[in-house]
Amino acid sequence: MTENVWSYKSTAGRLAGADLTGYKVEATDGSIGKVDKHSDEVDDAYLVVDTGVWIFGKEVMLPASTVVSIDPDEKKIFVDLAKQQIKDAPEFHRDKHLGDQGYRDELGTYYGAGGAPFGGPQV
């Protein structure tokens, strides 16, 4: 099955239409913040995460394919990235990048090796 970087994995447990705003986001090595905005558009799904004091109050955009699972009871989203991977991602500026296809391409390359499925076989 081929899933692109801007689509949720079929195993993530994504409930279409559910509001994820305010959900805590957990990296593989700890909490990174809360969802401030999200999109469920086909082939353009993402999370914008407010990192609070973790990265000095910055926001990061995570493609939907980085989501491993969603726990609606605990209001938590688990991603298959370490905190450092997220911190090292291309910088996100809400006003500049929300509708910027070039930025999306850059993120797609960073997280998904040029749009290939992220989180493929682990070596």
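Look up: the structure comes first, before these words.
Not measured: the values here are computed from a predicted model. (Residues numbered from 1 in each chain as written. Predicted model: local features only at pLDDT ≥ 70, side-chain atom pairs only at ≥ 80, totals over all residues. Heavy atoms only, no water.)

Chemist: Sorry, what's going on with the sheet that holds strand β1 (residues 24-27) here?
Modeler: What links the strands of a sheet is backbone hydrogen bonding, and the strands pair in either a parallel or an antiparallel sense. Strand order in the open sheet formed by six strands is β4-β3-β2-β1-β6-β5, with mixed pairing between adjacent strands. The strands lining the two open edges of the sheet, one partner per strand, are β4 (59-63) and β5 (67-71). The average undirected angle you get between the axes of adjacent strands in this sheet is 35°. Where β1 meets strand β2 (residues 30-39), four bridges bridge the pair, whose relative direction is antiparallel. Of the residues in β2, the one forming a bridge with Val25 is Gly33. Sheet strands in contact with helix α3 (residues 101-112) are β3 (46-50) and β4, and its direction is about 70° off that of β4. (Pairing = 2+ DSSP bridges. Helix = DSSP H or I, 4+ residues; strand = E, 2+ residues; numbered from the N terminus. Axes fitted to C-alpha atoms, helices over the stretch in contact; angles between N-to-C directions. Contact = heavy atoms within 4.5 Å.)

Chemist: Looking at this structure, how should I read the environment of Glu41?
Modeler: One can find Glu41 in the loop between β2 and β3. Residue classification places Glu41 among the exposed residues on the basis of a relative accessible area of 53%. The sequence separation of Glu41 and Trp6 amounts to 35 residues, and the corresponding C-alpha distance is 8.9 Å. (Buried < 20%, exposed > 50% of the residue type's maximum accessible area, 1.4 Å probe, protein only.)

Chemist: In this structure, what is going on with the packing of aromatic side chains? I would like to understand it.
Modeler: The relative placement of two aromatic rings is captured by the distance of their centres and the angle of their planes. If you walk through the whole model with that rule in mind, you get two aromatic pairs. Between the aromatic rings of Phe92 and Tyr103, the centroid separation amounts to 6.0 Å while the plane-to-plane angle is 45°, which identifies the pairing as tilted. Highlighted residues: Phe92 in the loop between α1 (83-87) and α2 (94-97) and Tyr103 in helix α3, separated in sequence by eleven residues. Among the residues examined, Phe92 registers a relative accessible area of 6% and is labelled buried. (Phe/Tyr/Trp six-rings, centres within 6.5 Å; stacked < 30°, edge-to-face > 60°.)

Chemist: For this particular structure, what's the right way to read the pattern of salt bridges?
Modeler: A side chain with one charge can pair with a side chain of the opposite charge if their charged atoms come near. Scanning the entire structure with this criterion turns up six salt bridges. Here Arg14 ties to Asp40 by a salt bridge, and the two come within 2.3 Å at their closest N and O atoms. You can see Arg14 sitting in the segment before β1 and its partner Asp40 sitting in the loop between β2 and β3, a full 26 residues away along the chain. What emerges from the salt-bridge pattern is a single network uniting Asp36, Glu59 and Arg94. (Salt bridge = Lys/Arg side-chain N within 4 Å of Asp/Glu carboxyl O.)

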